[in-house]
Amino acid sequence: WSASPTTQTLRRFAASRFSPAEKVAVVENALRVMSLTRGFARLVLLCGHASTTENNPYASAYHCGACGGNPGGPNARVLAALANKPKVRLELRNQGIEIPEDTWFIAGEHNTTTDHVTLFDLEELPETHRPDVLQLQHDLEAARLLNTQERVGRLPRAPSLPSPLAAARY
């Protein structure tokens, strides 16, 4: 896991484009809208969504409506970067949202066409949380395969009850 140019740009953006009060407000509002104000896990996945489509004039309709018809991953990345900032967390505590010190936010993007989930900025991940992310990646892949198996079962002339791996190849 190494830093990409986009990760470095994101870090600079999250650090410089918002005032300290705006950083706190963005995170506080997002967490309150999600009703995520207590009971934080060690690892919190903030996942936007997008899709893959070819030659489709309505492609933006398959992306995130809350993101103005754009993929939601960039917004998830900014939110996760801000939520991991110690100064933001300190101010959130003053607003009644106590995020445990060992909680880490990661950003992802769910491709609703393929059900793949891409996790971003893993080079920022504390070493202590790497096993958690590996388990998350395993669980996300297992969920993707089961969802594919369910979808294939609805297709005309598809094999009945294929294994998850066979369904993914279909």
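Placed above this text is the structure.
Residues numbered from 1 in each chain as written. Predicted model: local features only at pLDDT ≥ 70, side-chain atom pairs only at ≥ 80, totals over all residues. Heavy atoms only, no water.

Caption draft 1: Spatial organisation of the overall build of the protein chain. Within the protein chain, the secondary structure is distributed over six helices and three strands. Helices and strands in the protein chain line up, N terminus first, as α-α-β-α-α-β-β-α-α. The buried share of the protein chain, taken over its 170 residues, is 36%. Long-range contacts, defined here as pairs at least 24 residues apart, represent 60% of the contacts in the protein chain between residues at least 6 apart. Here the protein chain displays about 10400 Å² of accessible surface, and carbon together with sulfur accounts for 55% of that area. (Helix = DSSP H or I, 4+ residues; strand = E, 2+ residues; numbered from the N terminus. Buried < 20%, exposed > 50% of the residue type's maximum accessible area, 1.4 Å probe, protein only. Contact = heavy atoms within 4.5 Å. Areas by Shrake-Rupley, 256 points an atom, 1.4 Å probe, with all protein chains shown as cover.)

Caption draft 2: Representation of the pairing of strand β3 (residues 117–120) in the model. Relative to β3, strand β2 (residues 104–111) runs antiparallel, the two sharing four bridges. By the bridge assignment for β3, Glu 109 is matched with Thr 118. Turn length for the β2-β3 hairpin, with the two strands adjacent in sequence and antiparallel, is five residues, and the turn residue Asp 115 shows positive phi of about 65°. (Pairing = 2+ DSSP bridges.)

Caption draft 3: How the structure looks around the pattern of salt bridges. Scanning the model with the defined rule gives nine salt bridges in all. When the shortest N-O distance is used, the salt bridge between Asp 102 and Arg 42 registers 3.8 Å. Residue Asp 102 is found in the loop between α4 (86–94) and β2, and its partner Arg 42 is found in the loop between α2 (20–33) and β1 (43–50); the two are separated by 60 residues along the sequence. Note on Arg 42: relative accessible area 31%, which makes it partly exposed. The residue Glu 150 makes a salt bridge to Arg 154 at a minimum N-O spacing of 2.5 Å. When its relative accessible area of 60% is taken as the criterion, Arg 154 is described as exposed. (Salt bridge = Lys/Arg side-chain N within 4 Å of Asp/Glu carboxyl O.)

Caption draft 4: Representation of the packing of α2 against helix α3 (residues 73–83) in the model. For the pair α2 and α3, the least separation of the axes is 9 Å and the interaxial angle reads 110°. On the basis of their axis angle, the class for α2 and α3 is roughly perpendicular. The chirality of how α2 crosses α3 is left-handed. Across the interface between the two elements, Lys 23, Val 26, Val 27 and Ala 30 from α2 touch Leu 79, Leu 82 and Ala 83 from α3. Along the lines of polarity and charge, the residues of the contact of α2 with α3 split into six nonpolar, no polar and one charged. (Axes fitted to C-alpha atoms, helices over the stretch in contact; angles between N-to-C directions. Parallel < 35°, antiparallel > 145°, perpendicular 65-115°, else oblique. Left-handed = near helix turned anticlockwise from the far one by under 90°. Nonpolar A, V, L, I, M, F, W, Y, C, P; charged D, E, K, R; others polar.)

Caption draft 5: The environment of Pro 162, seen in detail. Mapped onto the fold, Pro 162 is located in the loop between α5 (130–152) and α6 (164–169). If near-sequence neighbours (up to four positions away) are discounted, Pro 162 is found in contact with Gln 149, Val 152 and Ala 167.

Caption draft 6: Spatial organisation of the sheet that holds β3. Pairing is mixed in the open sheet, where three strands are placed in the order β1-β2-β3. With one partner strand each, in any of the chains shown, β1 and β3 form the two edges of the open sheet. Direction aside, the axes of adjacent strands within the sheet are offset by 30° on average. Pairing geometry for β1 and β2, over eight bridges, is parallel. From the neighbouring strand, His 49 faces β2, where its bridge partner is His 110. Against the sheet, α3 touches β1, β2 and β3, its axis set at about 175° to β2.

Caption draft 7: Expanded view of the packing of aromatic side chains. Taken as a whole and judged by the stated rule, the model has one aromatic pair. Ring centres of Phe 40 and Phe 105 lie 6.2 Å apart, and the angle between their planes is 70°; on these two criteria the pair is classed as edge-to-face. On the criterion of sequence distance, the pair formed by Phe 40 in the loop between α2 and β1 and Phe 105 in strand β2 is long-range, its members being 65 residues apart. Grouping residues by exposure puts Phe 40 and Phe 105 together as buried. (Phe/Tyr/Trp six-rings, centres within 6.5 Å; stacked < 30°, edge-to-face > 60°.)

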